[in-house]
Amino acid sequence: MADEYISLKEALHRPDRLALTWEMVPGRGVNAPNQKKVLEMAELAAQDRLLHGITLTDSPGGKPSILTYPLAVAIKKSGIEPIIHYTCKDKNRSAIESDLYALAGAGLKNLLVMTGDYPMDSVMGQAKPVFDLDSVQTLRLAETLNQKEEAGFFAGAVVSPFKETEAETMAQYYKLDKKIASGAQFIISQMGYDVKKMDELAKYMRKKHPNVALIGNVFVLSLPAARLMHANKIPGCVVSDALLREIEAEAVLPGEKKERQLLRAAKLYAVLKGLNYDGINIGGHGLHYQDVKQIIEQGEALSADYQSLLPEFAYAKPGRFYLSAAQPTSGPAGEEAKGKTARLKLFQWLHETVFAKEARCFPLIRRIMKQIDDSSLEKSFTYFEFLVKGIANQCRFCGDCVLHELAFICPMSSCPKQQRNGACGGSCEGWCEVFPGERKCIYVSIYQAYRATREERVLQERYFPPCNWRLYKTSSWLNYFRQLEEEENEKREK
Ligand code: SF4
């Protein structure tokens, strides 16, 4: 038992210790036994003062589970801080803002902001996915409330580094940079068992974001969980063929299965500590507090010789991309990539011909647009734009177009989660989380197109605000010229 309780924020900034959190799943249903167990376990953790926080999941797998706020209040009262997993999947920006007011008011200041898994069946059937804000925008909202209202949020975010392809990996790292630029003060990595990926994430953070804490994920891997992760049923979590084979073989060995699972978790703890992570988040189904304590104590004992454990976590698929192997931009090979580049160049040329101020025909186009604007032609013109962009870019008619900034691939229609600021964590081997094996993640296509034209950094540097729904079903072309006019008028008035 530790002498005094140390908060998550304080523990993350003390070089003499690892910040330790335990991830719990309160579950579904009105009187689910898990909810009672979560509170009991949190009370044990609070008494022992070894952990610095309890993280509470938000409808994992997209299946509705109990809202965690009342439970979080009870956990806080027991003497340990809760960390709320805050997802954007089923709330629009108004609901998110209301939630944040309520959370701040209740003293629940630790947030782990994430996109969220795609909503699955609820009691009433398939839910409508919302995703009005993405994780980057939600972090900005929390940061705005911190500045304007002294809300006091300590917000963090998630990164999924265990990706196979260059495009997916880079999309994760670019989004990580945006999350940090938008206010994330700590980062928790997703589940995976590839030590090279763990190491490169730690090095990246130390180099680029030395003041942002990094927490590694240690999951007590049972056979059913390993099978689910291997089958890509838990978005972002990766178990390779080799690891699954090993866990299946272990499952038929005589002796205590759980002891072996806890030992693997303790070894991973030791490795992450050795790789200089600032904290460890421990998770797993059906854990008792004593299991968590055992992982920590064993992990600490093993950490002195963590190098000898590295080969035990070298589960990489052949051909996996690593940051260390990244080449200077040279363009992807293959016909698919060539096709994407040609498409991008064609659309860029068309866009610049019409919208670039320095284009020869720009003054004429601007005059024509002005004539159309507010005339009887406006409605027909708006539908004409919708028709053209519907055929060429699967336009969804939001009126707040970012096509020209995202390689002319529409996030509103082509991404099931409508992500404007980069990929969610759920893609697997290049495929979209929601349509595995059917549709590529749009950020794979966007990255590939931009990489060939050496513009991929737009995915890292450019922040996109949430879609302005006031513009819904208006012409984004007319909106562009209107906005130009307003900006020029403002300048003249100054
Ligand atoms: S397209 Fe990419 S970002 Fe969108 S939901 Fe699918 S995996 Fe996530």
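All values derive from a computational prediction rather than experimental measurement.

Q: Sorry, what's going on with empty space enclosed by the protein here?
A: To find leftover empty space, a probe the size of one water molecule is rolled over the atoms. Evaluated as defined, the whole model comprises six cavities of 30 Å³ or more. Taken as a whole, the largest cavity holds about 140 Å³ of empty space. Lining the largest cavity are 19 residues, and of these Lys-389, Cys-395, Cys-398, Gly-399 and Cys-401 sit closest to its centre. Of all the elements in the fold, those that place two or more residues in the lining of the largest cavity are α14 (378–393) and α15 (411–414). Broken down by class, the residue content of the lining of the largest cavity amounts to ten nonpolar, four polar and five charged. One number sums up the size of the second largest cavity: a volume of about 120 Å³. Lining the second largest cavity we find 15 residues, and of these Cys-415, Pro-416, Cys-424, Cys-432 and Cys-441 sit closest to its centre. Taken together, the residues of the lining of the second largest cavity break down into nine nonpolar, three polar and three charged.

Q: Explain the pairing of strand β9 (residues 213–219) to me, please; I cannot follow it from the model alone.
A: Working note: regular strand, side chains alternate between the two faces of the sheet. Of all the seven residues making up β9, seven are buried; the element is thus mostly covered by neighbouring parts of the structure. The alternating pattern of β9 places Ala-213, Ile-215, Asn-217 and Phe-219 and Leu-214, Gly-216 and Val-218 on opposite faces, both of which are buried. Bridge count between strand β8 (residues 186–189) and β9: three bridges; the pairing is parallel. Looking at β9, one finds that Ile-188 is bridged to Ile-215. Between β8 and its parallel partner β9, the chain crosses via helix α7 (residues 195–208), and the hand of that crossover is right-handed. Summarising the sheet, β9 and strand β10 (residues 279–283) pair through five bridges and their orientation is parallel. Bridge assignment links Ile-215 to a residue of β10, and that residue is Gly-279.

Q: Teacher, can you tell me more about the sheet that holds β10 here?
A: Think of a sheet as strands paired side by side through backbone hydrogen bonds, with each pair either parallel or antiparallel. With parallel pairing, eight strands are arranged side by side around a closed barrel as β1-β2-β3-β4-β7-β8-β9-β10. Along the sheet, successive strands turn relative to each other by an average axial angle of 30°, direction set aside. In this sheet, β8 lies alongside strand β7 (residues 154–159) in parallel orientation, the contact comprising four bridges. Residue Gly-156 lies in a different strand from β8, and its bridge partner there is Phe-186. Lying over the sheet, helix α5 (residues 135–149) contacts β3 (82–87), β4 (110–114) and β7, oriented at roughly 155° with respect to β4.

Quick notes on the rules
- Residues numbered from 1 in each chain as written.
- Predicted model: local features only at pLDDT ≥ 70, side-chain atom pairs only at ≥ 80, totals over all residues.
- Heavy atoms only, no water.
- 1 Å grid on protein atoms, 1.4 Å probe; cavity = no way out; pocket = protein on both sides within 12 Å on 5 of 7 lines; lining within 4 Å.
- Points joined across faces, edges and corners; volume = space filled by probe spheres on them.
- Helix = DSSP H or I, 4+ residues; strand = E, 2+ residues; numbered from the N terminus.
- Nonpolar A, V, L, I, M, F, W, Y, C, P; charged D, E, K, R; others polar.
- Buried < 20%, exposed > 50% of the residue type's maximum accessible area, 1.4 Å probe, protein only.
- Pairing = 2+ DSSP bridges.
- Right-handed = clockwise from strand over helix to strand, strands pointing away.
- Axes fitted to C-alpha atoms, helices over the stretch in contact; angles between N-to-C directions.
- Contact = heavy atoms within 4.5 Å.

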